Amino acid sequence: IEQSQSENELREAIEQEQFDLYYQPIVKLADRKVVGFEALIRWHHPIKGLITPSDFIPLAENTGLIIPIGWWVLRSACQQMAAWQQEHPDSDKLFISINISSQQFSQPYGGHIITRTLAETGLNPRCLKLEITESEVMENIDVVINTAEQLKTSGVQLSMDDFGTGYSSLSHLHCLPVDTLKIDRSFVQNIESDRSKLELVKTIIKLAEVFELGLIAEGIETEQQRVQLIDLQCEYGQGFLFSKPISKLKTKSLIETKTLLV
Ligand code: C2E
Ligand code: MG
Ligand code: MG
């Protein structure tokens, strides 16, 4: 009963567009320069207030509602990024990173929906990164590979999210045309003090070198972690040290002033 009630609420949320996007800056670790943003969904529930994704994305995944929600996220984020770039032409190198469910990727015409959304919103495909998680990818690997390859040719970039946490077989790394690995925050936590965490991060970074992939470290919270990651040759990162996810108004002013607001 509880599940079907929440499911109805989620359907209502889609119809009434109760969702909103926050944006977390992704920076170059060496100079903290913003290179892009990750779009992160929030649900403004009329009674319960602000709900974070971990409290409704699992239900959305189980009910298939992640498909309409996910396409809404894609369209809104592309539209928003295109608008910011129009207002501030010097921001045309910034990218927008979007979390995409494998259900979207394995939908018939999933790839077409993405390229059509890019055309309709006017966003340069090179400014779009799609984040997929390892565990998701593995279920429908053939379809995902197909969609991914189709998108690659149009210039869209692909990131492997939460790298190292899924039930991944590393073998999938070479059959998916991935550009970037996102090092999960659980590996970044305590790298200053935990020797084995540090070794894990080193290994992931080596792996990225071998496959010629870019690296973004997630969940950087301390200056020590930043310095440590720079030493290990990890070029980019995101985390509360630089900025939490911020509203679109704050993001706009960040783009205008080029200053991180911590
Ligand atoms: P994710 O894609 O790995 O996103 C990063 C999460 O880490 C975000 O949580 C962000 O707020 C949090 N984070 C960033 N820096 C730090 C830090 O320094 N410390 C800590 N403790 N946390 C940090 P958020 O926004 O709650 O999102 C959670 C997850 O929900 C995301 O993980 C992603 O898997 C999923 N998600 C969010 N938005 C969407 C969406 O539009 N579609 C789909 N399919 N999934 C989404
Ligand atoms: Mg992500
Ligand atoms: Mg992640």
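Nothing here was measured: the structure is a model prediction, and the numbers come from that model.

This next bit is on the packing of aromatic side chains. Per the counting criterion, the structure on display carries six aromatic pairs. With 6.3 Å between their ring centres and 50 degrees between their planes, Phe37 and Trp84 make a pair best called tilted. With a gap of 47 residues between them, Phe37 in strand 2 (residues 34-45) and Trp84 in helix 3 (residues 66-87) connect regions that are remote in the sequence. The two residues Phe37 and Trp84 agree in class, both being buried. Over the face of the ring belonging to Tyr22 we find Arg42, whose NZ or CZ atom lies 5.6 Å from the ring centre.

Moving on: the site of ligand 1. Among the 21 residues in the neighbourhood of ligand 1, the closest are listed as Arg42, Asn99, Asp161, Glu221 and Phe240. Side-chain polar atom of Arg42 to an oxygen atom of ligand 1: 2.9 Å apart, as the coordinates give it. Measuring from an oxygen atom of ligand 1, one finds a backbone N or O atom of Phe240 at 2.8 Å. Relative to its free-state accessible area of 800 Å², ligand 1 is covered by the protein chains to the extent of 83%. Top element by residues in the shell around ligand 1 is strand 2. It accounts for four residues. When the residues that make up the shell around ligand 1 are grouped by side-chain class, the tally is nine nonpolar, four polar and eight charged.

Okay, the pairing of strand 4 (residues 95-99) next. The element strand 4 is largely enclosed, with a buried count of four among its five residues. In this sheet, strand 4 lies alongside strand 2 in parallel orientation, the contact comprising four bridges. Paired with Ala39 across the two strands is Ile98, which belongs to strand 4.

Our next topic: helix 1 (residues 2-15). For an α-helix the count is 3.6 residues per turn, leaving residues at separations of three or four pointing the same way. Between its first and last C-alpha atoms helix 1 spans 20 Å; for 14 residues at 1.5 Å apiece the expected length is 20 Å, and the two agree. When helix 1 is considered as a whole, its buried residues turn out to be Glu7, Glu9, Leu10 and Ala13. Along the long axis of helix 1, the arc covered by the buried residues comes to 160 degrees, so they all point the same way. Buried positions along helix 1 lie against strand 1 (19-28), strand 2, helix 2 (57-63) and helix 3.

Before going further, it helps to examine the coordination of the magnesium ion (ligand 3). The coordination sphere of the magnesium ion (ligand 3) contains the protein donors Asp161 (OD), Asp162 (OD), Glu218 (OE) and Glu218 (OE), at a distance range of 2.0 to 2.5 Å. For the magnesium ion (ligand 3), all donor residues lie on one chain, and their spacing in sequence is D-D-x55-E. Taken as an interatomic distance, the gap from the magnesium ion (ligand 3) to the magnesium ion (ligand 2) is 4.1 Å; Asp161 donates to each of them.

Mapped onto the fold, Val143 is located in helix 7 (residues 141-153). Remark: the alpha-carbon pair of Val143 and Ser106, spanning 37 residues in sequence, is separated by 5.4 Å. Ignoring any residue separated from it by four or fewer positions in sequence, one finds Val143 in contact with Phe105 and Ser106.

Glancing now at the coordination of the magnesium ion (ligand 2). Binding of the magnesium ion (ligand 2) to the protein goes through Glu38 (OE), Asn99 (OD1), Glu131 (OE) and Asp161 (OD), at separations of 2.0 to 2.2 Å. Taking the relative accessible area as the measure of exposure, Asn99 reaches 31% and is therefore partly exposed.

Turning our eyes to something else, we now look at helix 5 (residues 110-121). A rise of 1.5 Å per residue sets the reference length of helix 5, with its 12 residues, at 16 Å; its end C-alpha atoms lie 17 Å apart and thus fit the reference within 8%. Along helix 5, the residues classified as buried are Gly110, Gly111, Ile113, Ile114, Thr117, Leu118 and Thr121. Seen end-on, helix 5 carries its buried residues on one side only, within an arc spanning 165 degrees.

For the structure on display, the rule yields 17 salt bridges. A salt bridge links Glu38 to Lys182; the shortest N-O distance between them is 3.0 Å. With a gap of 144 residues between them, Glu38 in strand 2 and Lys182 in strand 7 (residues 180-183) connect regions that are remote in the sequence. A relative accessible area of 4% places Glu38 in the buried class. The shortest N-O distance in the salt bridge between Lys252 and Glu256 comes to 3.4 Å. Remark: Glu256 and Lys252 occur in helix 12 (residues 248-257); sequence separation between them is four residues, near one turn of the helix. Counted as one network, the salt bridges with shared partners bring together Glu38, Glu131, Lys182 and Glu218.

Mapped onto the fold, Thr147 is located in helix 7. Exposure remark for Thr147: the relative accessible area of 6% places this residue in the buried category. The residues touching Thr147, leaving out its near neighbours within four places in the chain, are Phe105, Gly110 and Gly111.

Reading guide: rules and limits
- Residues numbered from 1 in each chain as written.
- Chains lettered and ligands numbered in written order.
- Predicted model: local features only at pLDDT ≥ 70, side-chain atom pairs only at ≥ 80, totals over all residues.
- Heavy atoms only, no water.
- Phe/Tyr/Trp six-rings, centres within 6.5 Å; stacked < 30°, edge-to-face > 60°.
- Helix = DSSP H or I, 4+ residues; strand = E, 2+ residues; numbered from the N terminus.
- Buried < 20%, exposed > 50% of the residue type's maximum accessible area, 1.4 Å probe, protein only.
- Lys NZ or Arg CZ within 6 Å of the ring centre and 35° of its normal.
- Near = heavy atom within 4 Å.
- Polar contact = N/O pair within 3.5 Å; in protein donor to acceptor, adjacent residues only side chain to side chain.
- Areas by Shrake-Rupley, 256 points an atom, 1.4 Å probe, with all protein chains shown as cover.
- Nonpolar A, V, L, I, M, F, W, Y, C, P; charged D, E, K, R; others polar.
- Pairing = 2+ DSSP bridges.
- Expected span 1.5 Å × (residues − 1).
- Arc of directions from axis to C-beta.
- Contact = heavy atoms within 4.5 Å.
- Donors = N, O, S within 2.8 Å, 3.2 Å for Na, K, Ca; no water.
- Salt bridge = Lys/Arg side-chain N within 4 Å of Asp/Glu carboxyl O.

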